[in-house]
Amino acid sequence: QVQLVESGGGLVQAGGSLRLSCAASRSIFSINAMGWYRQAPGKQRELVAAISSGGSTNYADSVKGRFTISRDNAKNTVYLQMNSLRPEDTAVYYCNAFIVAGSYPYDYWGQGTQVTVSS
């Protein structure tokens, strides 16, 4: 198991930047993948960015070139640097840990952090 705590959300003007942090309760070195998802009102939760244990990254098309996901194994923390923010980036952002144990997949979620981008 792992507990995840997000921080860094807030209100920012369009074109601004925010950095989200996701602190894990245990070492993330062996976690198969960690990612950031978001959910806007009335919409489904969607993948924003993910990073594997080997450092491979994956981004939603809508954030490519603007967002960067990274991980600091020594601090058990994953970051999402968000630049050139747009009003449509407004959502609750959730940290996710994907773990495969004994051939079974497990998903763990943080409580979410609100990001609001004003126009």
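Since this is a predicted model, take the numbers as computed values, not measurements. (Residues numbered from 1 in each chain as written. Predicted model: local features only at pLDDT ≥ 70, side-chain atom pairs only at ≥ 80, totals over all residues. Heavy atoms only, no water.)

Participant: What am I meant to see in the overall build of the protein here?
Facilitator: Within the protein one finds 0 helices and 11 strands. Starting at the N terminus, the α and β elements of the protein follow one another as β-β-β-β-β-β-β-β-β-β-β. A globule of 119 residues ought to have a C-alpha radius of gyration of about 14 Å, and the protein, at 14 Å, matches this closely. The principal-axis extents of the C-alpha atoms in the protein amount to approximately 45 × 30 × 25 Å. Counting all 119 residues of the protein, 40% fall into the buried class. For the protein, the share of sequence-separated contacts (at least 6 apart) that also reach a separation of at least 24 residues comes to 55%. (Helix = DSSP H or I, 4+ residues; strand = E, 2+ residues; numbered from the N terminus. Rg over C-alpha atoms; globule rule 2.2 N^0.38 Å. Buried < 20%, exposed > 50% of the residue type's maximum accessible area, 1.4 Å probe, protein only. Contact = heavy atoms within 4.5 Å.)

Participant: Would you mind going over the state of the cysteines with me for this structure?
Facilitator: Chemically, a disulfide is nothing more than a covalent bond linking the sulfur atoms of two cysteines. Considering all chains together, one arrives at 1 disulfide under this definition. The side chain of cysteine 22 participates in a disulfide bridge whose partner is cysteine 95; the two sulfur atoms lie 2.0 Å from each other. With the S-S dihedral at roughly -80°, the linkage between cysteine 22 and cysteine 95 falls on the left-handed side. Linking cysteine 22 in strand S3 (residues 18-24) with cysteine 95 in strand S9 (residues 91-101), this pair joins segments that are 73 residues apart in sequence. In this pair, the class of cysteine 22 matches that of cysteine 95, namely buried. (Disulfide = S-S within 2.5 Å.)

Participant: Can you walk me through the environment of tyrosine 94 in this structure?
Facilitator: Checked against the element boundaries, tyrosine 94 lands in strand S9. C-alpha separation for the pair tyrosine 94 and serine 62, spaced 32 residues apart in sequence, amounts to 17 Å. Beyond its immediate chain neighbours, meaning those up to four positions away, tyrosine 94 contacts Glu6, Gly35, Trp36, Tyr37, Gln39, Arg45, Trp109, Gly110, Gln111 and Gly112.

Participant: Explain the pattern of salt bridges here, please?
Facilitator: Two side chains carrying opposite charge are able to pair once their charged atoms lie near each other. What the rule picks out here adds up to 4 salt bridges. One salt bridge in this structure joins aspartate 89 and arginine 38, with 2.9 Å as the shortest N-O distance. Of the two residues, aspartate 89 is situated in the loop between strand S8 (77-82) and S9 and arginine 38 in strand S4 (residues 33-39); the sequence distance between them amounts to 51 residues. For the pair formed by aspartate 89 and arginine 38, the shared burial category is buried. (Salt bridge = Lys/Arg side-chain N within 4 Å of Asp/Glu carboxyl O.)

Participant: When you look at the sheet that holds strand S1 (residues 4-7) in this model, what are you seeing that I'm missing?
Facilitator: Hydrogen bonds between backbone atoms are what pair the strands of a sheet, whose relative direction is either parallel or antiparallel. What the 4 strands build is an open sheet, ordered S1-S3-S8-S7; its pairing is antiparallel. With partners counted over all chains shown, the strands left at the sheet margins are S1 and strand S7 (67-72), one partner each. On average, each strand axis in the sheet is inclined to that of its neighbour by 15°, with strand direction left out of account. Two elements, S3 and S8, share 6 bridges in a ladder whose sense is antiparallel. Within S8, the residue paired with serine 21 across the bridge is tyrosine 79. (Pairing = 2+ DSSP bridges. Axes fitted to C-alpha atoms, helices over the stretch in contact; angles between N-to-C directions.)

Function-wise, these values are silent; they only describe arrangement.
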